[in-house]
Amino acid sequence: SKTAIESDFKISVANLKTHDTVKVSLAVKNWAIGTWVVQPKIEADGKKWSRFDVLHQDEPDAIHQRIAALYVQNKPDLAIIDGYMGMEGDGPSQGDPIEMKVALAGVDSVAVDVTACRLMGVDPNSVSYLKQLAQPEHGQIELVGQTDLSKLTKQFKI
């Protein structure tokens, strides 16, 4: 959106959750899709600004490609993931709560999401848009507080 493009400092805030189409919906996906402006459709009951129809018109891999392309065009400066209470299962809106009591933040949204995947017991390489965006420098994070991720990891149902 115009606001996201013109802002001096951009922050992506997301919850720790699964997604029925792309496995996880975290800082990268939420930012890319949330800042994407789709032309409205005129229907009998007025304008529809839905990104859903455009996003889901193709095969699942095309959705991942679209997320990666949108992210590259307009990256946030800071990613924050609220993982106090996560959501597993039929996401992004019909899943079940899972208590995690974690928070993640960083200037590299891909690294933050990769770490979130690991906490959720999800292989980050199985999330195609994260794999497409992966660079050697991603994943370089500093853990504060509990530094042993294995003690915080729970296996989320996808």
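The structure displayed is predicted, hence computed values, not measured ones.

Colleague: Whenever I open this one, the overall build of the chain confuses me. Can you help?
Modeller: Along the chain, the regular secondary structure elements total 6 helices and 6 strands. Taken from the N to the C terminus, the helices and strands of the chain come in the order α-β-β-α-β-β-α-α-β-β-α-α. The contacts of the chain with a sequence gap of at least 6 include a subset with a gap of at least 24, amounting to 65%. Carbon and sulfur atoms make up 50% of the accessible area of the chain, which amounts to about 8,900 Å² in all.

Colleague: Explanation requested: unusual backbone geometry in the structure shown.
Modeller: Where the residue is not glycine, phi is negative for most of them; where a peptide bond is considered, it is trans in most cases. Phi is positive for Lys23, close to 75°, though the residue is something other than glycine. By the element assignment, Lys23 lies in strand 2 (residues 23–24). A positive phi angle, close to 55°, is found at Lys101, a residue other than glycine. If you trace the backbone, Lys101 turns up in strand 6 (residues 96–106).

Colleague: What is the right way to read the environment of Ser109 from this model?
Modeller: Mapped onto the elements, Ser109 comes out in helix 5 (residues 109–119). C-alpha of Ser109 to C-alpha of Tyr71: the two residues are 38 residues apart in sequence and 9.7 Å apart in space. In contact with Ser109, other than residues within four places in its own chain, are Val28, Tyr71, Pro76 and Ala79.

Colleague: Quick question: what am I supposed to make of the side chain of Ser25 here?
Modeller: Secondary-structure assignment places Ser25 in the loop between strand 2 and helix 2 (27–34). Residue classification places Ser25 among the buried positions, given a relative accessible area of 1%. Of note is the side chain of Ser25, whose polar atom sits 2.6 Å from the side chain of Asn30. When sequence neighbours within four positions are dropped, the list of residues in contact with Ser25 reads Asn15, Lys17, Thr18, His19, Asn30 and Tyr129.

Colleague: I would appreciate a short explanation of the nonpolar core in the present structure.
Modeller: Counting 35 residues, the largest nonpolar core has Leu16, Val24, Leu26, Val28, Ile67, Ile81 and Tyr129 as its most contacted members. The element contributing the most residues to this core is helix 5, with 6 residues. The residues touching Val24, leaving out its near neighbours within four places in the chain, are Lys17, Thr18, His19, Lys29, Cys117, Met120, Val122, Val127 and Tyr129.

Colleague: Is there a simple way to explain the pairing of strand 5 (residues 78–88) in this structure?
Modeller: For a regular strand, the rule is simple: side chains alternate between the two faces of the sheet. As paired elements, strand 1 (residues 11–19) and strand 5 share 6 bridges and run parallel to each other. Bridge pairing links Lys17 to Met87 in strand 5. The pairing of strand 5 with strand 6 spans 9 bridges and is classified as antiparallel. Counted as the bridge partner of Asp82 is Ala103 from strand 6.

Colleague: Whenever I open this one, the sheet that holds strand 1 confuses me. Can you help?
Modeller: Hydrogen bonds along the backbone pair up the strands of a sheet, which may run parallel or antiparallel. Spatially, 2-1-5-6 is the arrangement adopted by the 4 strands of the open sheet, whose pairing is mixed. This sheet does not close on itself; its edge strands, each paired only once, are strand 2 and strand 6. Across the sheet, helix 2 touches strand 1, strand 2 and strand 5, and the angle it forms with strand 1 is around 115°. Sitting on the sheet, helix 5 is in contact with strand 1, strand 2, strand 5 and strand 6, with an inclination near 150° to strand 6.

Colleague: What's the story with a nonpolar patch on the surface in this structure? I'm lost.
Modeller: On the surface, Phe9, Ile11, Val13 and Ile80 cluster together into a nonpolar patch covering about 360 Å² of accessible area. Topologically, Ile11 is positioned in strand 1. Ile11 gets classed as partly exposed once you look at its relative accessible area, which sits at 40%.

Parameters and conventions
- Residues numbered from 1 in each chain as written.
- Predicted model: local features only at pLDDT ≥ 70, side-chain atom pairs only at ≥ 80, totals over all residues.
- Heavy atoms only, no water.
- Helix = DSSP H or I, 4+ residues; strand = E, 2+ residues; numbered from the N terminus.
- Contact = heavy atoms within 4.5 Å.
- Areas by Shrake-Rupley, 256 points an atom, 1.4 Å probe, with all protein chains shown as cover.
- Buried < 20%, exposed > 50% of the residue type's maximum accessible area, 1.4 Å probe, protein only.
- Polar contact = N/O pair within 3.5 Å; in protein donor to acceptor, adjacent residues only side chain to side chain.
- Core = buried A, V, L, I, M, F, W, Y, C linked by side-chain atoms within 4.5 Å.
- Pairing = 2+ DSSP bridges.
- Axes fitted to C-alpha atoms, helices over the stretch in contact; angles between N-to-C directions.
- Patch = residues over 30% accessible without salt bridge, like charges linked within 9 Å, V, L, I, M, F, W, Y side chains within 5 Å.
- Salt bridge = Lys/Arg side-chain N within 4 Å of Asp/Glu carboxyl O.

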